[in-house]
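The chain contents come next:
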Amino acid sequence: MSMRAAAYRSFGGPIEIETLPRPTCPADGVVLQVMATGVCRSDHHGWKGHDGDVVDYVKERGWPFVPGHEVSGVVVEAGINVDRFQKGDRVAVPFILSCGRCQMCSHHRRPTICERQEQPGFTLQGSYAEFLAIPRADRNLTLLPEKVSFVEAAALGCRFTTAYRAVVQQGGLHEERVAKQMSVAIFGCGGLGLSCIMIAAACGARQIIGVDVSEEALQKAREVGATHMINARKESVRRRAMEVTSGTGADLTIDAAGFKATCEDAIHCARRGGRMVQVGLPIGGKSPIVPMGMVAGKELEIVSSHGCAAEDMPAILSLVESGRLDPKRLVEREVTLEEGAKVLTDMDKGSPTGIVMITQFVEEPLSRY
């Protein structure tokens with residue numbers, strides 16, 4: 001059996017719509033019919049050859065490679081060792097598929113840094129395809145509530161779940177009474193940063209500051225919950241952040257972009273005894289200068305954040321089901337597989353403000369980008 005997929009055969013090379021074999025079902029996993037998959041900057045990093053997992057995959061297994069990791073779908077086949085899912089189930093997929101057996105999972109209870117984690121679109125073939133094989137299904141998949149759409153679930157799969165862990169778990173906004181007293185500054189208002197703003201708003205944060213170089217991104221930040229905006233291209237971020245927070249700095253700062261400037265500004269804009277969370281993935285470019293003397297003197301906490309555990313997906317889905325979180329507000333448009341491939345390659349020129357979601361997989365004719 002075959003399927004249509006967007007695949008590349010060299011880093012930075014053309015992404016072609018190809019006919020590839022439909023994946024085999026893992027004994028502990030499922031095969032999904034992909035119903036929605038997001039186009040994410042992390043997929044662009046993989047396509048450019050900047051992600052070590054993708055590089056290792058093609059070295060060991062060869063080309064082609066199919067990107068995509070933000071995904072939801074319908075189970076069309078379940079493996080012999082799968083107990084919790086069956087054909088026809090609507091499911092959400094986290095991008096970190098933890099093993100449950102390594103020391104990080106079993107002893108430290110930190111599945112987000114599982115030593116044997118698998119990731120669609122990085123260590124596995126991805127979701128820019130009609131069908132996708134997902135191992136470790138019982139441990140990692142979540143049934144979709146009836147009121148949550150495939151598009152909403154796919155939007156949650158990376159950006160919103162990653163934002164949830166950064167803001168709520170690593171950032172400390174896990175109690176509403178605490179959140180209502182906190183000021184939060186988000187550095188970088190792309191897909192991840194806007195998701196952080198929406199999560200902070202859903203938690204009831206007192207003050208939410210969005211920082212970016214794009215007026216369009218800052219306008220979107222205002223629309224989804226930011227109370228203050230700082231244009232880093234037009235004014236001093238550190239000076240303005242201090243003015244907005246009455247001279248103290250923010251209780252929580254989050255670098256959601258991963259650039260040298262955003263990391264450094266997030267550290268400098270945290271209040272004494274405050275916390276800075278690094279969730280944006282730094283790839284390439286110059287390394288940030290971390291003023292460890294100031295960090296020590298102000299007793300700042302610098303915390304990292306990576307993905308989100310599958311066990312936390314139900315809590316995030318409940319925010320959507322209750323209406324407190326509406327991921328559709330970030331969905332810019334729904335596109336075909338062909339159009340999604342072009343959006344990915346066009347990220348050389350810049351990222352869309354919102355989320356582009358591939359929802360049509362069988363449109364003809366075949367295309368090449």
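Everything discussed here concerns the structure shown above.
Below: a short report on this structure. (Residues numbered from 1 in each chain as written. Predicted model: local features only at pLDDT ≥ 70, side-chain atom pairs only at ≥ 80, totals over all residues. Heavy atoms only, no water.)

## Section: the environment of E339
Tracing the backbone shows E339 in helix α13 (residues 337–345). According to the relative accessible area criterion, E339 is partly exposed, its value standing at 39%. On a C-alpha basis, the gap between E339 and A36 in space is 14 Å, while along the polypeptide they are 303 residues apart. (Helix = DSSP H or I, 4+ residues; strand = E, 2+ residues; numbered from the N terminus. Buried < 20%, exposed > 50% of the residue type's maximum accessible area, 1.4 Å probe, protein only.)

## Remarks on helix α7 (residues 191–203)
The end-to-end C-alpha distance of α7, which contains 13 residues, comes to 18 Å, matching closely the 18 Å that a straight helix rising 1.5 Å per residue would cover. Among the 13 residues that make up α7, 12 are buried, leaving the element largely enclosed by the rest of the structure. Residues of α7 that are buried include every one of G191, L192, G193, L194, S195, C196, I197, M198, I199, A200, A202 and C203, and no others. Where α7 is buried, its residues meet α5 (150–169), α6 (176–179), β8 (183–187), β9 (207–212), α8 (215–224) and β11 (250–255). Once α7 ends, the next one or two residues include G204, with phi positive near 90°. (Expected span 1.5 Å × (residues − 1). Contact = heavy atoms within 4.5 Å.)

## Some thoughts on the packing of aromatic side chains
As enumerated under the stated definition, the model contains five aromatic pairs in all. Ring plane angle 55° and centroid distance 5.9 Å describe the contact between Y8 and F65, whose orientation is recorded as tilted. Residue Y8 is found in strand β1 (residues 2–8), and its partner F65 is found in the loop between α2 (52–61) and β4 (70–78); the two are separated by 57 residues along the sequence. For the pair shown, Y8 and F65 are each scored as buried. Every member of this aromatic cluster is reached through a ring pair, and the members are Y8, F11, Y57, W63 and F65. The ring of F131 has R22 lying over it, and the distance from NZ or CZ to the ring centre is 4.4 Å. The ring of F150 has R90 lying over it, and the distance from NZ or CZ to the ring centre is 4.7 Å. (Phe/Tyr/Trp six-rings, centres within 6.5 Å; stacked < 30°, edge-to-face > 60°. Lys NZ or Arg CZ within 6 Å of the ring centre and 35° of its normal.)

## Thoughts on the packing of helix α9 (residues 237–244) against helix α10 (residues 260–268)
Between α9 and α10, the shortest axis-to-axis distance is 10 Å and the interhelical angle comes to 35°. In this structure, α9 crosses over α10, and the sense of that crossing is right-handed. Side by side, α9 and α10 meet where V237, R238 and M242 of the first sit next to E264, D265 and H268 of the second. Among the residues making up the contact of α9 with α10, the classes are represented as two nonpolar, one polar and three charged. (Axes fitted to C-alpha atoms, helices over the stretch in contact; angles between N-to-C directions. Left-handed = near helix turned anticlockwise from the far one by under 90°. Nonpolar A, V, L, I, M, F, W, Y, C, P; charged D, E, K, R; others polar.)

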